[in-house]
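Read off the chains here:
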Amino acid sequence: GDVYKRQIKPISGYSEGNQLESMPSIDFSGAVRIWPHKTLGEGHFVTRLRKSNSSTWSDVKDLLDDSSLDQDHLRIFSQFFETTLQLTPGTQQIQPGNIGLKSFGNRLYWTPPETPSLTGLDVRHWGWWLGTIKSDRFIPSPALAYALFPEDAQKVLEFAVDDPNLITYRRGSPIATKNIGETPAGWILVTCAGNALGWGLVNRDRMKSYHPRWLRSL
């Protein structure tokens, strides 16, 4: 896209963008650099973009991300899908064999087919983060849990709002299975009022909480 020149009015703490020699056709003087030692904030770069009328999908179709799905990751995820999830409209797009499944390191993602190449960028998440492969097993992500409805999972543990076990789970502490009734071993979707909170892993006489660390209560 093209930078709108002089559309961002300079104020105290702002300065013009630097011209990139590698992109001489674009005028960066209308962009803004915001300095943390001159104004509030942590420092930012701001610009307004305009789509070129000549831009078409064919211009970027050859830049599609070519990351493939590691076959070991596919095998491990397939085992998780078969033992934990139901094949529903909500899980259909992530079922094993879907072309959107991609491996990035030890993480598994679902990415839209039209995703352009992100090579060279510092990317935190490459798409819908489904989970992480650790020691030949699949650890489902909070992002996967939040996208599911109870009917998408084979095993669901529903907590009432006033259930003391809910507080224990949200603290990240294990729960004795005798306190939550008959619960089969394996991954279980934990919900409250029908809304997914995260995952639990039932093993023998307790359930380990996989409630995200950044959401845990004291």
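Described in the following lines is the structure provided in the data block. (Residues numbered from 1 in each chain as written. Predicted model: local features only at pLDDT ≥ 70, side-chain atom pairs only at ≥ 80, totals over all residues. Heavy atoms only, no water.)

### Points about the side chain of T191
And step 1. Inspection of the secondary structure assignment puts T191 in strand β12 (residues 186–192).
And step 2. Under the relative-accessibility criterion, T191 is labelled buried at 1%.
And step 3. Looking at T191, its side chain comes within polar contact range of the side chain of E158, at 2.4 Å.
And step 4. Not counting chain neighbours up to four residues away, the residues in contact with T191 comprise P150, V156, L157, E158, F159, A196 and L197. (Helix = DSSP H or I, 4+ residues; strand = E, 2+ residues; numbered from the N terminus. Buried < 20%, exposed > 50% of the residue type's maximum accessible area, 1.4 Å probe, protein only. Polar contact = N/O pair within 3.5 Å; in protein donor to acceptor, adjacent residues only side chain to side chain. Contact = heavy atoms within 4.5 Å.)

### Description of the nonpolar core
And step 1. If you look at the biggest cluster of nonpolar residues, it comprises 26 residues, and the most contacted ones within it are F77, F80, I94, L130, F138, L144 and W199.
And step 2. Secondary-structure elements contributing two or more residues to this core are α1 (71–84), β7 (107–110), β8 (128–134), β9 (137–140), α2 (142–146), β12 and β13 (195–203).
And step 3. Not counting the four nearest positions on each side in its chain, F138 is found in contact with I76, F77, F80, L108, L130, G131, T132, I133 and W187.
And step 4. The next biggest cluster of nonpolar side chains, apart from the first, holds 12 residues, and it includes F159, L166, Y169 and I180. (Core = buried A, V, L, I, M, F, W, Y, C linked by side-chain atoms within 4.5 Å.)

### Here's the deal with the environment of R75
And step 1. Summarising the element assignment, R75 is placed in helix α1.
And step 2. With a relative accessible area of 34%, R75 lands in the partly exposed category.
And step 3. Distance from R75 to P96, taken between C-alpha atoms, is 8.5 Å for residues 21 residues apart in sequence.
And step 4. Polar contacts involving the side chain of R75 include one to the side chain of D136, which spans 3.0 Å.

### A closer look at the pattern of salt bridges
And step 1. Across all of its chains, the model carries two salt bridges by this definition.
And step 2. Close ionic contact of D72 with R75 constitutes a salt bridge, the shortest N to O distance being 4.0 Å. Here D72 pairs with R75, and both are found in helix α1, just three residues apart, close to one helical turn.
And step 3. Put simply, R75 and D136 hold a salt bridge, and the shortest N to O gap is 3.0 Å. Of this pair, R75 sits in helix α1 while D136 is found in the loop between β8 and β9, placing the two residues 61 residues apart along the sequence.
And step 4. Residues joined in a network through salt bridges with shared partners are D72, R75 and D136. (Salt bridge = Lys/Arg side-chain N within 4 Å of Asp/Glu carboxyl O.)

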